[in-house]
Amino acid sequence: MGESDHIHLFCHRCGAQLHPGEGAFYVVRMEAFADPTPPNLDVDYLSGEMDISAEIERLIDQMKELSEQELKDQVYRRLTIHLCGECYSIWIENPAGG
Ligand SMILES: [Zn+2]
């Protein structure tokens, strides 16, 4: 695995250089999904004066304007970050924090 000698990894949080093979850092993989629940049209909305089919057509037109990739990015993102041991122990206690 001589190739790994040429890879420079840095802690995503503090920027410290990480040294593969020393077991001193963590790889964090994250997946983010948009709310997968189908839209819930309530009765008031359906019985209102709004033209549902026109509204749906409008939404479809709106989506056509986005590229496929943009659309995917809005629905699903996956990313990998590296954290040094110190940052990891802080981050894992409060992953959603700043
Ligand atoms: Zn760090």
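Numbering of residues starts from 1 in each chain and follows the order in which that chain's sequence is written. For a predicted model such as this one, the threshold for reporting local features is a pLDDT of at least 70, and the threshold for listing and counting side-chain atom pairs is 80 or more; totals across whole chains, interfaces and linings nevertheless cover every residue. With hydrogens and water excluded, all non-hydrogen atoms of the structure serve as input to the side-chain values.

1. A closer look at the coordination of the zinc ion
Looking at the zinc ion, the protein donor atoms are C11 (SG), C14 (SG), C84 (SG) and C87 (SG), and they sit 2.3 Å from it. Each metal's donors are the N, O and S atoms found within 2.8 Å of it, except that Na, K and Ca use a 3.2 Å limit; water is left out, so coordination can look incomplete. The geometry test gives tetrahedral to four donors whose angles all lie between 85 and 135 degrees, gives square planar to four donors and octahedral to six donors whose opposite members are over 155 degrees apart with all other angles between 65 and 115, and gives irregular to the rest. In this structure, the zinc ion is surrounded by four donor atoms whose angles at the metal cover 102 to 116 degrees, and the resulting shape is tetrahedral. When the donors of the zinc ion are listed by position in the chain, the intervening gaps give C-x2-C-x69-C-x2-C. A 1.4 Å probe rolled over the protein chains alone gives each residue an accessible area, and that area as a share of the maximum for its type sets the label: buried under 20%, exposed over 50%, partly exposed in between. A relative accessible area of 4% places C11 in the buried class. Its relative accessible area of 47% is what places C14 among the partly exposed residues.

2. Here's the deal with the confidence of the model for the chain
Per residue, pLDDT captures the predictor's confidence, and it can take any value from 0 to 100. Averaged over all residues, the pLDDT of the chain is 82; the fraction at 70 or higher stands at 82%. By the criteria applied, helices consist of DSSP H or I runs no shorter than four residues and strands consist of E runs no shorter than two, each listed in order from the N terminus. By mean pLDDT, the top-scoring element of the chain is helix 4 (residues 85–91) (96), and the lowest-scoring one is helix 1 (residues 43–47) (58).

3. Remarks on the nonpolar core
L9, C11, L18, F25, V28, I81, L83, C84, C87 and W91 together form the largest nonpolar core, which totals 10 residues. Secondary-structure elements contributing two or more residues to this core are strand 3 (25–33), strand 4 (76–84) and helix 4. Looking at which element gives the most residues to this core, the answer is strand 4, with three residues. Contacts are residue-level and defined by heavy atoms, with any inter-residue pair within 4.5 Å sufficient. When near neighbours in sequence (up to four residues on either side) are disregarded, W91 contacts V28 and L83. As used here, the term nonpolar core means buried Ala, Val, Leu, Ile, Met, Phe, Trp, Tyr and Cys residues forming a set that is joined through side-chain atoms within 4.5 Å.

4. Considering the pattern of salt bridges
Between Lys or Arg on one side and Asp or Glu on the other, a salt bridge is scored when a side-chain nitrogen of the former is within 4 Å of a carboxyl oxygen of the latter. Summed over the entire model, instances satisfying the criterion amount to one salt bridge. Its salt-bridge partner being E55, residue R58 comes within 3.0 Å of it at the nearest N-O pair. Of this pair, R58 and E55 both sit in helix 2 (residues 52–64), three residues apart, which is roughly one turn of that helix. Taking relative accessible area as the criterion, R58 reaches 42% and is therefore assigned partly exposed. Residue classification places E55 among the buried positions, given a relative accessible area of 18%.

5. Remarks on the environment of L79
Looking at the element boundaries, L79 is found in strand 4. Relative accessible area serves as the criterion here: at 39%, L79 is assigned to the partly exposed category. Each C-alpha atom of the pair L79 and M30 lies 5.3 Å from the other, and the pair is 49 residues apart in sequence. Residues within four places of L79 in sequence aside, it is in contact with V28, R29 and M30.

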